[in-house]
Amino acid sequence: MANPIQEILEKQVLTVAKAMEDKIDDEIASLEKLDEDDLEVLRERRLKQMKKMGEKKKRWMSLGHGEYSEIHSEKDFFTVVKASERVECHFYRENWPCKVMDKHMSILAKQHIETRFVKIQAEKSPFLAERLKIVVLPTLALIKNTKVDDYVVGFNELGGKDDFSTEDLEERIARAQVIYYEGESSHKPKSTTQVRRNVRQSAHSDSDSE
């Protein structure tokens, strides 16, 4: 006697396979309709995109993207933030938790050259620490277009321990859209209106780091 559940599963598999086959057929049909002029236009468009991305990467590298570096003065912080559209700044002190964060930031800097990864010693940056309400260390300030959009404060959002993975930090940062992320994250970027600050203006509202 036939198993009704098995029959249902087989029908579902056939339905999905048919849908995929139809999609592939449509794509092949679209390509077959292209003449040499169309293909040439596509090639030129692709070359322009590659050239534009190459120019972007060259500019990013000239600004220090692709490596994790230290900012030695508050003045340099403003220079970095104005030069790069996306910046992740680690406010740190010489302790173990901050060294753990350093390790992950170094890895992500190489993987995400679209973003500048830097660190600055909080105790030597009192003006910035006060303006951005930096209290807990380590704290990551996630900056887009000169504005602090979000913070990663300590390890609370990373499992509460120092054994979190680089992927955990990457996914958390991606929620602020400060990096290009293609992972299978179930989190949607949350609204950051309440924590957004323009680093060129005084900040009077509360932050997540308090």
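By convention here, each chain's residues receive numbers from 1 onward along its written sequence. Residue-level local features of this predicted model are given only where pLDDT is at least 70; pairs of side-chain atoms are given and counted only at 80 or more, and the full residue set underlies all totals for whole chains, interfaces and linings. Hydrogen atoms and water are omitted, and side-chain values are computed over all heavy atoms in the structure.

Within an unreviewed UniProt entry, the label attached to the protein chain reads Thioredoxin domain-containing protein 9 homolog, and the organism entered is Camelina sativa.

Engineer: Teacher, can you tell me more about the overall build of the protein chain here?
Structural biologist: Secondary structure counts use DSSP, requiring at least four H or I residues in a row for a helix and at least two E residues in a row for a strand, with both numbered from the N terminus. Scanning the protein chain for helices and strands turns up six helices and six strands. For every residue, the accessible area obtained with a 1.4 Å probe (protein chains only) is divided by the maximum for its type, and the residue is called buried under 20%, exposed over 50%, and partly exposed between those limits. In the protein chain, which comprises 210 residues, the proportion classed as buried is 39%. In this analysis, two residues are considered to be in contact whenever any of their non-hydrogen atoms come within 4.5 Å of each other. Sequence-distant contacts in the protein chain: of pairs separated by 6 or more residues, those separated by 24 or more amount to 70%. All accessible areas in this document rest on Shrake-Rupley with a 1.4 Å probe, and a residue is counted as covered only by the protein chains that are shown. With an accessible surface of roughly 13,700 Å², the protein chain has 51% of that area assigned to carbon and sulfur atoms.

Engineer: Looking at this structure, I do not really get the packing of aromatic side chains. What am I missing?
Structural biologist: Note on aromatic pairs: each is described by the distance of the centres and the angle between the planes. To pair, rings of Phe, Tyr and Trp, with the six-membered ring standing in for Trp, must have centres within 6.5 Å; the planes then decide the type, stacked if under 30 degrees apart, edge-to-face if over 60, and tilted in the middle. Here the structure, examined in full by the defined rule, presents three aromatic pairs. When the centroid spacing of 5.6 Å and the interplanar angle of 85 degrees are considered together, the rings of Phe-77 and Phe-78 count as edge-to-face. In this structure Phe-78 comes out as buried when scored by relative accessible area, which is 19%. Two thresholds decide whether a charge sits over a ring: the Lys NZ or Arg CZ must be within 6 Å of the ring centre and within 35 degrees of the ring normal. In this structure, Lys-119 packs its charged tip against the face of Tyr-92, placed 4.7 Å from the ring centre.

Engineer: I keep staring at the environment of His-112 and nothing clicks. Help me out?
Structural biologist: Within the secondary structure layout, His-112 lies in the loop between helix H4 (96-111) and strand E3 (116-121). Taking the C-alpha atoms as reference points, His-112 and His-65, separated by 47 residues in sequence, lie 8.3 Å from one another. What His-112 contacts, discounting residues up to four positions off in sequence, is Phe-117, Glu-170, Ile-179 and Tyr-180.

Engineer: So what exactly am I meant to see when it comes to the packing of H4 against helix H6 (residues 166-174) here?
Structural biologist: Two numbers describe how H4 lies on H6: the axes approach to 10 Å, and their chain directions differ by 65 degrees. Our classification of the angle between H4 and H6 gives roughly perpendicular. The element H4 and its partner H6 pack so that their crossing is right-handed. Here Met-101, His-104, Ile-107, Leu-108 and Gln-111 of H4 come into contact with H6, specifically with Thr-166, Leu-169, Glu-170 and Ile-173. Classifying every residue of the contact of H4 with H6 by side-chain character gives five nonpolar, three polar and one charged. Orientation is described by lines fitted to C-alpha atoms, with helices fitted over the stretch in contact, and by angles between N-to-C directions that extend from 0 to 180 degrees. For classification purposes, an angle smaller than 35 degrees is called roughly parallel, one larger than 145 roughly antiparallel, one from 65 to 115 roughly perpendicular, and anything else oblique. Here is the rule for handedness: rotate from the far helix to the near one, and if that takes an anticlockwise turn smaller than a right angle the crossing is left-handed, while a clockwise turn gives right-handed. Three classes are used: nonpolar for Ala, Val, Leu, Ile, Met, Phe, Trp, Tyr, Cys and Pro, charged for Asp, Glu, Lys and Arg, and polar for all others, with Gly counted as polar.

Engineer: When you look at the nonpolar core in this model, what are you seeing that I'm missing?
Structural biologist: One broad rule of soluble globular proteins: the nonpolar side chains tend to lie buried together. What makes a nonpolar core is a set of buried Ala, Val, Leu, Ile, Met, Phe, Trp, Tyr and Cys residues whose side-chain atoms join them at distances within 4.5 Å. Residues Phe-77, Phe-91 and Ile-143 are the most contacted members of the largest nonpolar core, which totals 23 residues. Of all the elements in the fold, those that place two or more residues in this core are helix H3 (74-83), strand E2 (86-92), E3, helix H5 (126-131), strand E4 (139-144) and strand E5 (147-153). Those residues within four positions of Ile-143 in sequence are excluded, and the remaining contacts are Phe-77, Val-81, Glu-85, Arg-86, Val-87, Cys-89, Val-148, Asp-149 and Val-178. Ranked by size, the runner-up nonpolar core spans 19 residues in total, among them Met-101, Phe-164, Ile-173 and Ala-176.

Engineer: In this structure, what is going on with the pattern of salt bridges? I would like to understand it.
Structural biologist: Oppositely charged side chains are able to pair whenever their charged atoms sit close together. By salt bridge we mean one thing: a side-chain nitrogen of Lys or Arg within 4 Å of a carboxyl oxygen of Asp or Glu. For the structure on display, the rule yields eight salt bridges. With a closest N to O distance of 3.4 Å, Arg-86 and Glu-85 form a salt bridge. Since its relative accessible area comes to 6%, Arg-86 is described here as buried. Ionic pairing is found between Glu-123 and Arg-93, a salt bridge with its closest N-O pair at 3.1 Å. One end of the pair, Glu-123, is in the loop between E3 and H5; the other, Arg-93, is in the loop between E2 and H4, and 30 residues separate them in sequence. On the accessibility criterion, Glu-123 (54% relative accessible area) is exposed. Here the salt bridges do not stand alone but share partners, grouping Asp-150, Glu-157, Arg-172 and Arg-175 into one network.

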